[in-house]
Each structure stands twice: as C-alpha cells, then as structure tokens.
Amino acid sequence: MATSSVADIDAAFSSSYRQARERFRAAATQAGFTLAEYVNDRATGPEGEVLVTDMAVKGPADADRVVILSSGTHGIEGYCGSGCQVALLSAGEFDVLPSNVRVVLVHALNPYGFAHKRRVNEDNIDLNRNCLDFAAGVPTNTDYEDLHPVLAPEDYGLRPAHWDAQVGEWIKARGFPAFQAAVSSGQYTRPDGLFYGGSAPSWSARTFRQIVREAAGSARDILLMDIHTGLGAFGELEKIGLGNQIAIERARQIWGSDVTNLAGGESNSAPVSGDISVPFFEELPAGAQGTAIALEFGTVDGVAVLKALRLDNWLYTQVEPEAKQDLQKAAEIKATIEAAFYPDDDRWRVCVYELARDAVRQGLSAS
C-alpha cells in the first residue's frame, strides 16, 4: 500500500466535473475495478458535456459483504468525495480486499450539481430530501413557509445585508435550533426555495435505487459511506449514523461510539426526511442487514454556508440564464459557494482524506 504525500493527495482533487470524472475512471481502472455508467439525459454540464454517474466495482459477485463509498449526493460536495475516492484508489487502499468483500464506488451521484457547482440537482432539488414515498404524502414545514420570502427574495443577491438582518430578527425571536429545523429539514412547496425536496423521485434518486440493487447482489451485509461537506469545524469529521436505532448501533460498532444519530437529533444537521439512506435500506436483499453513515467534513461557519446557499439559489432561480454570463456577481457567488463546500486549502484536503481513509479501513475490516 503506497504512502500518500501532500502532493499526491492534492493531485487527486479536481477543479471541474470533467477533470474529476477522468481522474476517477483512470484511477479505478488502474486499481482493477470494473466501470459502469448511468447517463443523466435530463441536463448537461456548463460546457454542454454529458452528465454521468459512474460506478466502479471490485470483488467477487457473490461476496457476503459489500462496502459502498459514494460521492456527490450534494453536487458540489462531490469535489471532496471524488478527491477522497481518487486518492484512496491511487494509494492502493483497495488493492487487496478481504476475500468475502466487494467494494462499490459511486462517483457523482448528482452530476448536475457537481458540474455546475451547485448543491442541488437540475430541478433545484436537494437529493437528501427527495428520497421518500411521495404517494404517501410529504412532510409539512409551516415555519419554512413563513421564512421563504425572507430566505429567497427576488433581490437577495442585490441586497443581502437587508435580508440577512431579517433572518437575524427571526432567530432572535424563535431561537437558532428552530431556525435550523425550519430551513434545512426540507420543504416541498417552494421549487425556487432552499432545501426543496421535489414532488417526485428525481433521476439521481431513481439511479441510486438501481445502483444499490445492482451493488448489493446476494450479499448479507451491506455498508454505505456517503461523503459530505459544509457542516462542522474546518477539517473535522462528524460520522452521522443513518437509519433506525439498530442500524445506528451497528454503525457505532464499526466506526466508534462518536457516531451521531441523525434521526435522534444528535447531529450538527437537523433531522431530515428523504435522505439517500431511505432507498439504501429499502433496496437491500431480503434478510440482509444494512449500515449507513454520512462522512460530514466541516468547512466554514454555518452562517457563511447559509449565505452561500442563498446567493446560489438567487443566482439560479431569480436571474435569467442569459444574464448570468454578464453578471460580475455570478463569479463572486461561485467563489463563495466553493469556499463553503470545497475549500482551496491543502491542509483541509489532507485532513479530510486521512479521516476518510480511516473510516474506509474500518468499514473494510468490519466483521
């Protein structure tokens, strides 16, 4: 197993979706993985490029255990996930696998958001709020309804300070926990708003279901690690346990007692409806056990992250497409959202890679 230098790790992280995909496919092929691709026919990249979710598989088809490592559920966060995947491949972390284990790497689950450097998909949908049974009804979020005119006004990008002050007044009156729950738990009524869950399963949600079915095969034990950024202190990792209490306890046996319980309100994240662990658990083979965590890497403070999301939402929902090309503020907004979810800092990249490597090793060695 190779030792990774700072230069090696930095070289695994990319500046565009096209570059990230090329590096991932090359590294996976070099490491002996078999590639499959899922083409998103609903959108293209910023230069008209085809958008693809790639899957790389290594290990016996009849493996008892499957370890899935996914990136790009939240688009722009895929730059971190992709970098970790490529660095792990290049360092030889998957060269020798336990005989009963198959490894599945899912690259750019939300390729539109990845390519356009947005957190959401081509329909402004947050994939981690989209994976639910819409026929059974969606959660209501009346607090978001009250906040929407303040969070996503037509002129936010032109007068952010005014609307930031309005948010501050709401928090002062109701408290930050209530604000976080109102904003980020998910909403299903405002397609032009933040954390929109959609009105039907998105292409990415349907694709992930298909990937889980294909990846799991006849395995009896399936692990999912989904890489995220944007919550927590700079370079620190929160291991967020997903699923019911039994699954949480399994996650703690594998990754440690510091695994938090998302549904139990222990996480830096507010509890959410419709995250990708829902189809993961639903698509497991009959009788198989599943364990899932989100590897959440911190970047900047929460206020800065929210402001970046609001600016990005304004740019894509309130500014005409042809005007974006001439809007000087557009470049500033893209720089702001990159800083919030993909810091240009070698120390951060080394830190997140090493933490991801340790989590992957734990997942591979779990019995």
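As shown above, the structure is provided for reference.
What comes next is a walk through the structure. None of the values given here were measured: they were computed from a predicted structure.

Topic: the overall build of the protein chain
Of regular secondary structure, the protein chain possesses 14 helices and eight strands. For the protein chain, whose C-alpha radius of gyration is 20 Å, the value lies close to the compact-globule estimate of 21 Å for 367 residues. Counting only C-alpha atoms, the protein chain reaches 60 × 40 × 35 Å along its principal axes. Expressed as a percentage of its 367 residues, the buried residues of the protein chain come to 57%. Residue pairs at least 24 apart in sequence account for 78% of intrachain contacts in the protein chain once pairs closer than 6 positions are excluded. The average position of the 32 basic charges and that of the 49 acidic charges among the side chains of the protein chain differ by 1 Å.

A word on the pattern of salt bridges
Side-chain pairs of opposite charge can arise whenever the charged atoms involved come near each other. Within the structure shown, the criterion is met by 30 salt bridges. Between D54 and R25 there is a salt bridge, and its shortest N-O distance comes to 2.8 Å. Here R25 lies in helix 2 (residues 17-30) and D54 lies in strand 2 (residues 50-58), a separation of 29 residues in the sequence. For D126, the salt bridge is made with R119, and the minimal N-O distance between the two is 2.5 Å. By relative accessible area, D126 is classed as buried at 0%. Salt bridges sharing common partners tie together R21, R25, E37 and D54.

Considerations on helix 13 (residues 328-341)
The set of residues buried in helix 13 consists of A330, I333, K334, I337, A340 and F341. Take helix 13 and look down its axis: the buried residues cluster within an arc of 125°, on one side only. Residues of helix 13 that are exposed and point over 90 degrees away from its buried face: Q328 and A331.

Some remarks on helix 7 (residues 176-184)
Buried within helix 7 we find F179, A182, V183 and S184. The arc that holds the buried residues of helix 7, viewed along the axis, is 165°, so those residues lie on one side. On its buried face, helix 7 is in contact with helix 5 (142-151), helix 6 (160-174) and helix 11 (302-317). The positive-phi residue at the C-terminal boundary of helix 7 is G186, with phi of around 115°.

Reading guide: rules and limits
Residues numbered from 1 in each chain as written. Predicted model: local features only at pLDDT ≥ 70, side-chain atom pairs only at ≥ 80, totals over all residues. Heavy atoms only, no water. Helix = DSSP H or I, 4+ residues; strand = E, 2+ residues; numbered from the N terminus. Rg over C-alpha atoms; globule rule 2.2 N^0.38 Å. Buried < 20%, exposed > 50% of the residue type's maximum accessible area, 1.4 Å probe, protein only. Contact = heavy atoms within 4.5 Å. Lys, Arg positive; Asp, Glu negative; His and termini not counted. Charge placed at Lys NZ, Arg CZ, Asp CG, Glu CD. Salt bridge = Lys/Arg side-chain N within 4 Å of Asp/Glu carboxyl O. Arc of directions from axis to C-beta.

Spatial relationships are all this shows, so hold off on functional conclusions.
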